[in-house]
Amino acid sequence: MKKKENALYEKNQMIRVEITDMGTEGEGIGKIDGFPFFIKDTVIGDVVDAKVIKAKKNYAYARLEKVVTPSSFRVEPKCKFARSCGGCQLQAMDYQKQLEFKNNKVKNNLMRIGGFSKELLDSVMEEPVGMEEPFYYRNKAQFPFGYDKEGNIITGFYAGRTHSIISNTDCALGVKENQRILEIILDFMKQEGVSAYREETGEGLMRHVLIRKGFSTGQIMVCLIINGEKIPAVDRLIGRLTQIEGMTGISLSINKERTNVIMGTDIRLLWGKERIEDTIGDLTFTISPLSFFQVNPIQTERIYKQALEYAALTGNETVWDLYCGIGTISLFLARKAKQVYGVEIIPQAIEDAVANADRNRIKNAEFFVGKAEEVLPQKYESEGIYADVIVVDPPRKGCDEECLKTMVQMQPERIVYVSCDSATLARDLSYLCNNGYELKKVRAFDNFPQSGHVETVVLLSKVMVNSRKKKVF
Ligand code: SAH
């Protein structure tokens, strides 16, 4: 049985504390006699009054009640919903401080989980790459429809960790056109009596709208996700949406499932084209409503350029691009390599990759559908495939150990690791560096300003045989 007396603090107790550190999600941490409190919406340097919401033996969560003395890094959030909305964790923090926080997050994970020394990291880590305008950077947004307490139709964002919608058509991360598009749809729904979907009952028509914009082409795609077959009087809606500059295609996606998955599998074109185009660097990509495309095109181009620079291609190399999506990195690499092979689990993405290679007249890229941890070992064992350079860009869970093992067996000169989760990155780098590779460069990229996420690009190179400390297998 738990003894209550063990807990130093209890629920609803008020505390006053100075924020001296930050957790991995950007939450502030303050200590009283060494006992840590995790307090969301605070900034390093703040002195705050907070109310304990959950007390454990060795730490507690508290809710910010009042900023007593604001930190010198505290700024006025651009969006008035910054605190309640689940999208942004760091808006109240000065942007340079956000970058420093993210760079430290990468460094701490590499030390704590990866076992790399501070001295090594100080010598290999390059300056983090932030954005000049850390707002309005997202090329894609999905807005849910629902009702407020008075029964009015609303759209906006889910409040942090919930499914209740905060009414807001003016998100500071998205493109400016979003607001007009949303207001046209809300207006139309009210005029025509079109209902919004209710998650609790599974009734109502309009579930979500997906809006995408090609930053360099200006092309806009609107996809309405509905719980039904059609939208009544939809021509009136189309008539108004097509007045927006750049509107390229309006489509429907049918999703009648009671699920959290936003998109249905079926896309029906209502007007214009189903796909829009965008460019990254000098390559053009065709984007369908269902395919994955990086959401921050400005930073993505910088990340790809960095990956290409680390790959140091001269034109003679064979390169494997694992977790290649629609082939974006692969095609960048193909321009400078002899041959590129891409591997990706989603068949649709590989179809797009092949089409994108064609569209850009790239002939030295070939793509395989399957899991990297299956395709690579199988091809290595049956065909003895070879690589001078391997690039990986896995999802948050990182690389499977089978995949890492085969990469080591293939003995490429260089490995470039693009990561969206520095904890799994650290784990994987530790494996690679215990098996014949060394850390050469690490650089953090802020792909999602105002949020706690950070991307990292890493260069590893094969250790010369005579200086290798551990034998490879
Ligand atoms: N490099 C691409 C995509 C990166 S996102 C880009 O920059 O756009 C990670 C990709 O890995 C996704 O497309 C996802 O579908 C794919 N993926 C996830 N698990 C995989 C696995 N086990 N093997 C291969 N691909 C996988």
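Check the entry above for the structure.
Let us look at the structure shown here. (Residues numbered from 1 in each chain as written. Predicted model: local features only at pLDDT ≥ 70, side-chain atom pairs only at ≥ 80, totals over all residues. Heavy atoms only, no water.)

1. Remarks on the overall build of the protein chain
Applicable threshold: Numbered from the N terminus, helices here are DSSP runs of H or I no shorter than four residues, and strands are runs of E no shorter than two. Using a 1.4 Å probe on the protein chains alone, a residue whose accessible area is under 20% of its type maximum counts as buried, one over 50% counts as exposed, and one in between counts as partly exposed. The contact rule is simple, with two residues in contact once any of their heavy atoms fall within 4.5 Å. Counted as positive: Lys and Arg. Counted as negative: Asp and Glu. His and the chain ends are not counted at all. Here the site of a charge means NZ on Lys, CZ on Arg, CG on Asp, or CD on Glu.
Along its length, the protein chain carries 10 helices and 21 strands. Here the C-alpha coordinates of the protein chain stretch approximately 75 × 65 × 45 Å along the principal axes. For the protein chain, the proportion of its 473 residues judged to be buried stands at 54%. The contacts in the protein chain between residues at least 6 apart in sequence include a share of 64% that link residues at least 24 apart. Computing the positive centroid from 65 side-chain charges and the negative centroid from 63, the protein chain places the two 3 Å apart.

2. Let's talk about the site of the ligand
Where we set the bar: Nearness is defined per residue: one heavy atom within 4 Å of the molecule or strand is enough. Two N or O atoms form a polar contact when they lie within 3.5 Å of each other; inside protein one atom must be a possible hydrogen donor and the other a possible acceptor, and for residues adjacent in sequence the pair counts only when both atoms belong to side chains.
Around the ligand, 17 residues are found, and the nearest of them are Q294, Y304, E344, A372 and D393. T328 places a polar side-chain atom, nitrogen or oxygen, 3.1 Å from an oxygen atom of the ligand. Of all the secondary-structure elements, those providing two or more residues to the shell around the ligand are α6 (328-334) and α8 (372-383).

3. Focus: the sheet that holds strand β8 (residues 165-167)
Across a sheet, paired strands are connected by hydrogen bonds in the backbone, their directions being either parallel or antiparallel. Stated precisely, the cut-off is as follows: DSSP calls a pair of strands paired once it identifies at least 2 bridges connecting them. Inter-axis angles, ranging from 0 to 180 degrees, are taken between N-to-C directions of lines fitted to C-alpha atoms, where helices are fitted over the stretch in contact.
If you walk across this open sheet you meet the seven strands as β8-β7-β6-β9-β10-β11-β12, and the pairing is mixed. At either margin of the open sheet sits one strand with a lone partner, and together these are β8 and β12 (266-272). In this sheet, neighbouring strand axes are inclined to one another by 35° on average, regardless of whether the strands run parallel or antiparallel. Judged from the five bridges that link them, strand β6 (residues 140-147) and strand β9 (residues 206-213) form a sheet pairing that is antiparallel. Its bridge partner being in β9, K140 is matched across the sheet by R212. The sheet strands contacting helix α3 (residues 177-192) are β6, β7 (153-158), β9, β10 (220-226) and β11 (247-254), and the helix crosses β9 at an angle near 155°.

4. A word on a negative patch on the surface
We count it as follows: The patches reported here contain residues having more than 30% relative accessible area and no salt bridge. Joining distances are 9 Å for like charges and 5 Å for nonpolar side chains (Val, Leu, Ile, Met, Phe, Trp, Tyr). Surface exposure here means Shrake-Rupley accessible area, sampled with a 1.4 Å probe, where a residue is shielded only by the protein chains that are shown. Take a side-chain nitrogen of Lys or Arg and a carboxyl oxygen of Asp or Glu: if they are within 4 Å of each other, that pair is a salt bridge.
Together, E374, E381, D400, E401 and E402 make up a negatively charged patch on the protein surface. Those elements giving two or more residues to the negative patch turn out to be α8 and α9 (401-410). Checked against the element boundaries, E402 lands in helix α9.

5. Some thoughts on the sheet that holds strand β1 (residues 14-22)
With respect to topology, five strands assemble into a closed barrel ordered β1-β2-β3-β5-β4, the strand pairing being mixed. Mean inter-strand twist for the sheet, computed between neighbouring axes without regard to direction, equals 50°. As judged from the five bridges shared by strand β2 (residues 28-32) and strand β3 (residues 35-39), these two strands associate in the antiparallel manner. Across the sheet, residue I29 finds its bridge partner in β3, namely F38.

6. With respect to empty space enclosed by the protein
Stated precisely, the cut-off is as follows: Using a grid of 1 Å spacing that covers the protein atoms alone, one calls a set of points a cavity when a 1.4 Å probe fits there but cannot get out, and a pocket when the set is open and has protein on both sides within 12 Å along at least five of seven lines; lining residues are those with an atom within 4 Å of a point. Grid points are joined across faces, edges and corners, and a volume is the space filled by probe spheres set on the points. For this classification, Asp, Glu, Lys and Arg are treated as charged, while Ala, Val, Leu, Ile, Met, Phe, Trp, Tyr, Cys and Pro are nonpolar and the rest, including Gly, are polar.
One pass over the structure, following the stated rule, counts two cavities of 30 Å³ or more. The space that makes up the largest cavity amounts to roughly 40 Å³. Along its surface, the largest cavity is lined by N139, R212, K213, G214, I276, D278, I287, F293 and Q294. Secondary structure elements with two or more residues in the lining of the largest cavity: β9 and β13 (276-280). Grouping the constituent residues of the lining of the largest cavity by class yields three nonpolar, three polar and three charged.

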